[in-house]
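Here is what each chain is made of, one letter per residue.
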Amino acid sequence: MIRATGLTKDYGSRRAIENLTFEAKQGEVVGFLGPNGAGKTTTMRILTGYMPPTYGTAQVAGFDIISESIEVRRRVGYLPETVPLYPEMTVFEYLKFMADLRHLPNGDDLVDAALDLVQMEKRADGYIANLSKGMRQRVGLAQALLHRPEVLILDEPTIGLDPAQVVEFRNTVRDVGKERTVLLSTHILSEAQQLCDRVLIINKGKIVAEDTPENLQSRLVGAKQVLLRVKGESDDLVSIVAKIDGVQNVKLHPDGALEFQFEPGADVRPAVARATIEAGYDLLEFHPIELSLEEIFLQLTQDNARKAR
Amino acid sequence: MRNIWTISRREYRHYFTSPIAYIAALLTLLTVGIYFVVIIYYTANQSYYSNTAPGIDIVIGPLATVFLFAAPALTMRLLADEQRMGTLELLLTTPIKDGELVLGKWLGAFLFMLTIIAATLIYPIVLNKLTTPGIDQGVMVSAYLAIILLIAVFLAIGTAMSSFFSNQFAAFFATLAVLILFWWLIRLPTFIIQNESFNNILNYLDLNGRFNSMLAGSISISDVVYPISLTALGLFLGAVAIEIRRWR
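What counts, and at which threshold
- Residues numbered from 1 in each chain as written.
- Chains lettered and ligands numbered in written order.
- Predicted model: local features only at pLDDT ≥ 70, side-chain atom pairs only at ≥ 80, totals over all residues.
- Helix = DSSP H or I, 4+ residues; strand = E, 2+ residues; numbered from the N terminus.
- Rg over C-alpha atoms; globule rule 2.2 N^0.38 Å.
- Buried ≥ 20, exposed ≤ 12 C-beta atoms within 10 Å, placed from the backbone.
- Contact = placed C-beta atoms within 7 Å.
- Pairing = 2+ DSSP bridges.
- Axes fitted to C-alpha atoms, helices over the stretch in contact; angles between N-to-C directions.
- Nonpolar A, V, L, I, M, F, W, Y, C, P; charged D, E, K, R; others polar.
- Domains from an automatic or database assignment.
- Parallel < 35°, antiparallel > 145°, perpendicular 65-115°, else oblique.
- Left-handed = near helix turned anticlockwise from the far one by under 90°.

### Observations regarding the overall build of chain B
Argument step 1. Assigned secondary structure in chain B consists of 12 helices and zero strands.
Argument step 2. Counting from the amino terminus, helix and strand elements in chain B follow one another as α-α-α-α-α-α-α-α-α-α-α-α.
Argument step 3. Computed over C-alpha atoms, the radius of gyration of chain B comes to 20 Å, within 12% of the 18 Å expected from 2.2 N^0.38 for 248 residues, which places it in the range of a compact globule.
Argument step 4. Sorting the 248 residues of chain B into buried and exposed places 40% on the buried side.

Structural data, given as structure tokens:
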């Protein structure tokens, strides 16, 4: 469990984060989304006990991050953005060192289990210096998972992984996230969309939006948009679809696809599909157009910039 | 206590994979070895004129000079490198105290230096065989205690400097500067200033004077207490620097 209240951090005269208040419950994967320099890393460093906030406080796994920092650190697994590894050690030596620092009684078993989880058991005796970027990332994750922490904090965990590794990594995080609290930061929006139960969008040190990825989308897009594609010419179809009750804003794309909107609650999709087929068209594609988090993000940050002006 | 040991054990092992540590060890043992051979050879040739046998100071004396450079080389990366590599963030988010980290780092370097010093124990054994009636055991203990206390101070100052900087070379030269101050420079003003109480303070702080008197076999309480306090001060400052780093 993470509960942050009014977290503020100043670096000299520069305010990195301002009055951040949020919560992450057990069994929840919460995504921290924002451009570089938004304050994601700063927030994570505060939550992991690396540095204290200038103002505000937070509770992590039931302990105060300032007065009970050591207790918090015992219960948190942290993967910083630059994966902290000792190149001259073997993977096993490194994880054993971390297990010793955490006073884990059955260190060897836990190291093996963590290596198993990130599928690095075959490279246990290899030197970290010889590992690829993706493998180093996995060793870093093993380090964060080693002591089976209640709270897992991952700073940009998928940077530098190839697409196959990203999929693997997401599966691991999703499995782990079932019984723990996971807070991860990313600036890849599709990742947040796939991984997170809830997304906090942060920009210039402030939370600009907080919701599930689905709700964020529907909140921002008032009307639902649908794309329709038929075989052959579709110019005449525009007027047919436009005539149907509840259909709005029919547009013809240059490639022949049709796009239209309807108000949520008045689903016109069955009527449109029927009308298309009854008019003799061969229906090829018929699906909702979702605003990607990229677009949501742009919309939110631009709104804020406009307000600030 | 356990955390200190975990940190120092890693550090100690690291020295055996580090070229700088090997160079420092080689330089130390080579210097002491050459010095030893030359002095023994020279004394043997001069024995017609003099009947004083060389003492343990021919081993420990040059050791101190070499350590003046070896200690900064061994401590420069201790915390500076952790900062540069980002592993400090890892260590500072594990449940260990800042003081334990600094103490563990220092202890690792100290144990490595003790290993080098232990390797020089061959010389008193040889010296004992070469001279009649053998070397003074009391002076030998006093001289080894002197070098062990001295290296404790050198390494503590080096550890503190390493925590101030994230650049190893900055840490190296800063350490060297402080060591030179305490080893050579601090008593120089006593030659021109006539104020006795001021000179007493400088003489008290001078590491070289204390070291030389212990090398000759005379130990006072303050000869032991002063280096230990200086070591404690260095390690304390190192821990404070880490703490300050968190707040920045």
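The structure having been displayed, the exposition proceeds.
### What about the overall build of chain A?
Argument step 1. Secondary structure summary: chain A contains 11 helices and 14 strands in total.
Argument step 2. With the C-alpha coordinates of chain A rotated into their principal frame, the extents come out at 75 × 50 × 30 Å.
Argument step 3. Considering chain A as a whole, with its 309 residues, one finds that 39% of them fall into the buried category.
Argument step 4. Here the analysis covers contacts within chain A between residues at least 6 apart in sequence; of these, 67% occur between residues at least 24 apart.

### Overview of the pairing of strand E11 (residues 224-230) of chain A
Residue and element names in this part refer to chain A.
Argument step 1. Pairing geometry for E11 and strand E13 (residues 258-262), over five bridges, is antiparallel. The partner of Val226 across the bridge, within E13, is Phe260.
Argument step 2. In this structure, E11 lies alongside strand E14 (residues 283-289), joined through six bridges in antiparallel fashion. In the sheet register, Leu228 faces E14, and the bridge partner there is Phe286.

### A word on the sheet that holds strand E7 (residues 151-155) of chain A
Residues and elements named next belong to chain A.
Argument step 1. In space, the six strands of this open sheet follow the order E6-E7-E8-E3-E9-E10, with mixed pairing throughout. Each edge of the sheet is formed by a strand with only one pairing partner; in this case those strands are strand E6 (76-79) and strand E10 (206-211). On average, each strand axis in the sheet is inclined to that of its neighbour by 15°, with strand direction left out of account.
Argument step 2. Helix H1 (residues 40-47) rests against strand E3 (29-33), E7, strand E8 (181-186) and strand E9 (198-203) of the sheet, and its axis sits at about 150° to E7.
Argument step 3. This element, helix H6 (residues 163-177), spans E3, E7 and E8 of the sheet and lies at about 150° to E8.

### As for H1 of chain A
Residue and element names in this part refer to chain A.
Argument step 1. Of all eight residues that make up H1, eight are buried, and the element is covered over most of its length.
Argument step 2. Buried within H1 are the following residues: Lys40, Thr41, Thr42, Thr43, Met44, Arg45, Ile46 and Leu47.
Argument step 3. Residue Gly49 follows H1 closely and has a positive phi angle near 85°.

### Focus on the environment of Val32 of chain B
All names here are of chain B.
Argument step 1. Among the structural elements, Val32 can be located in helix H2 (residues 19-46).
Argument step 2. Val32 gets classed as buried once you count the C-beta atoms within 10 Å, which come to 22.
Argument step 3. Spatially, the C-alpha atom of Val32 lies 6.3 Å from that of Pro62, the residues being 30 residues apart in sequence.
Argument step 4. Setting aside residues no more than four positions away along its own chain, Val32 makes contact with Val59, Pro62, Leu63 and Thr120.

### Brief notes about the interface of chain A and chain B
Argument step 1. The partner chain B presents 18 residues to the 19 residues of chain A that form the contact.
Argument step 2. Contributions of two or more residues to the side of chain A that touches chain B are made by helix H2 (69-75) and helix H3 (91-101) of chain A.
Argument step 3. When the residues that make up the side of chain A that touches chain B are grouped by side-chain class, the tally is 10 nonpolar, four polar and five charged.

### Brief notes about unusual backbone geometry
Argument step 1. The phi torsion at Asn19 of chain A lies on the positive side, around 50°, for a residue other than glycine.
Argument step 2. When you line up the elements, Asn19 of chain A lands in strand E2 (residues 14-24).

### Here we look at the sheet that holds strand E12 (residues 248-252) of chain A
Hydrogen bonds between backbone atoms are what pair the strands of a sheet, whose relative direction is either parallel or antiparallel.
Residues and elements named next belong to chain A.
Argument step 1. Strand order in the open sheet formed by four strands is E12-E13-E11-E14, and the pairing between neighbours is antiparallel. The strands lining the two open edges of the sheet, one partner per strand, are E12 and E14. Recorded for the sheet is a direction-independent mean angle of 15° between the axes of neighbouring strands.

### Here's the deal with the domain arrangement of chain A
Argument step 1. Assigned domains of chain A: these are domain 1 (2-218) and domain 2 (222-289).
Argument step 2. Inter-centroid distance (C-alpha atoms) of domain 1 of chain A to domain 2 of chain A is 44 Å.

### Things to note about the packing of H3 of chain A against helix H5 (residues 133-145) of chain A
Residues and elements named next belong to chain A.
Argument step 1. The geometry of H3 relative to H5 is characterised by a closest axis approach of 10 Å and an angle of 25° between their N-to-C directions. With respect to each other, H3 and H5 are oriented roughly parallel. As H3 runs across H5, the sense of the crossing is right-handed. Where H3 approaches H5, its residues Val91, Tyr94, Leu95 and Met98 are matched on the opposing element by Val139, Ala142 and Gln143.

### Section: the pairing of E3 of chain A
All names here are of chain A.
Argument step 1. Taken across its five residues, E3 has five buried, putting it largely inside the fold.
Argument step 2. Here E3 shows no split at all, with Val29, Gly31 and Leu33 on one side and Val30 and Phe32 on the other all buried.
Argument step 3. Direction of pairing for E3 relative to E8: parallel, over a ladder of five bridges. Following the sheet pairing, Leu33 is matched in E8 by Thr186.
Argument step 4. Note that E3 and E9 share four bridges and pair parallel. Bridged to Gly31 within E9 is Val199.

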